[in-house]
Amino acid sequence: MRRQKPSDRDEILKWLNVIESGISSDDSDLPLPLQTDIDYQKQFEISDIESLPQINVTTDGNVSKRIVRKGNGPVPSKGFQVSVRYVARLLPSRKAFDLAYSPLQKSGSLNFELGAGQVIEAYDLTVATMQKGEACIMTTNPTYAYGELGCPPRIPPQSSLEFHIELIGFEQREGKILLTIEERISESNRIRSEGNEHFKKGSFRKATKSYNRAMGVFEGLNDLTEDEEEIVDKAKLPLYTNLATSYLRLNESSKVIQNAIKALQIDPQNAKAFWRLGRAQLDEGQYPEARANLTNAAKLEPQNKDIRKDLEELQQDEDLEQRIERERPNP
């Protein structure tokens, strides 16, 4: 006698984990819809996953994918509405914790705007590389997923994840085409204000997503005059400094440094950018670079007590490092 159909996502996930762990010894133990789900999942069942070529999605290799089934045609662009099916798993256990496919209705999908910060960064970046109909296995480290905190209770802190993703299709959203620079700046400022509200509430991850969305509004601008480039750079500058500040709160020093440098390329006398850059370098133990940049910040804002505190902390760290070096026994 067949068991009753699962009534919610947790029940489906439980059965999916039973199926893939091989615990169930008889298909008669499985709900009928989940037998159909086995067929859907079989496209991801590769006897030797490592035999599939690994494609780096990010330059640091922390997000990668292996194509299980090739798609065709172009890949979606930022701002497109995409539709995917997926199963999400924890690594190394490969325990499923989320899915967007209903074996009950033999359908279902997740729909979101690509590059809008509506999903984790690894997901956005990977789907942007996929063709329609493509199925892949994506893995990501915590930095591009849920970070140090995770998303309890389902996702523990510092979790690496695996996603089985199928790109069903995508289309350009109506009403999202911004033709003029002025329209783009207005839209970017609106999204930046959303990020500022998130920052005020202490939701720093959401703030970074908003600031990155605001930055994405300027993608696709080509053949600008010098005056137009200056206008766009002026709009981007607070986004770079806000991103640097937000990533500093998230202890993601490499991203702080990246965005602070971009801000300084636009405004070489930006005290906030020098300060964030120096602070991140101090956290990374890059003392000579930190001293140079914090000193520049202090010269631009001599009354800023927080900058002076960072310089004092730097001096203490340098003194400690020198003392340890002196006391180290000779080999």
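Scroll up to find the structure.
So, here is what we can say about the structure in this document. What you see is a predicted model; the values in this text were computed from it and never measured. (Residues numbered from 1 in each chain as written. Predicted model: local features only at pLDDT ≥ 70, side-chain atom pairs only at ≥ 80, totals over all residues. Heavy atoms only, no water.)

1. Side note on the side chain of Arg 276
Here is step 1: Note that Arg 276 resides in helix α8 (residues 271-283).
Here is step 2: Within the buried set, Arg 276 has no salt-bridge partner at all; the shortest N-O distance to an opposite charge, 6.4 Å, is to Asp 310.
Here is step 3: Once residues lying within four places of it in the same chain are set aside, the contact partners of Arg 276 are Ala 244, Thr 245, Leu 248 and Val 256. (Helix = DSSP H or I, 4+ residues; strand = E, 2+ residues; numbered from the N terminus. Buried < 20%, exposed > 50% of the residue type's maximum accessible area, 1.4 Å probe, protein only. Lys, Arg positive; Asp, Glu negative; His and termini not counted. Salt bridge = Lys/Arg side-chain N within 4 Å of Asp/Glu carboxyl O. Contact = heavy atoms within 4.5 Å.)

2. Regarding the pairing of strand β4 (residues 96-99)
Along any regular strand, the residues point their side chains to alternate faces of the sheet.
Here is step 1: Taken together, the three bridges between strand β3 (residues 80-91) and β4 define a ladder with antiparallel strand orientation. Counted as the bridge partner of Val 87 is Leu 99 from β4.
Here is step 2: Hairpin geometry of β3 and β4 is characterised by an intervening segment of four residues between the two adjacent antiparallel strands and by a positive phi of about 65 degrees at Arg 94. (Pairing = 2+ DSSP bridges.)

3. Quick look at the nonpolar core
Here is step 1: Judged by nonpolar contacts, the single largest core of 39 residues is most densely connected at Phe 218, Leu 239, Val 256 and Leu 314.
Here is step 2: For this core, the secondary-structure elements that each account for two or more residues are α4 (181-200), α5 (204-216), α6 (226-249), α7 (253-266), α8, α9 (287-300) and α10 (305-327).
Here is step 3: Per-element tally for this core: the top contributor is α6, with nine residues.
Here is step 4: Ignoring anything within four residues of it in the chain, the contact list for Leu 314 reads Leu 282, Tyr 287, Ala 290, Arg 291 and Leu 294.
Here is step 5: Ranked by size, the runner-up nonpolar core spans 26 residues in total, among them Val 82, Leu 90, Met 138 and Phe 163. (Core = buried A, V, L, I, M, F, W, Y, C linked by side-chain atoms within 4.5 Å.)

4. Some details on the pattern of salt bridges
Here is step 1: Tallying each qualifying case throughout the model produces 16 salt bridges.
Here is step 2: Connected through salt bridges with shared partners, the residues Glu 121, Arg 205, Glu 252 and Lys 255 form a single ionic network.

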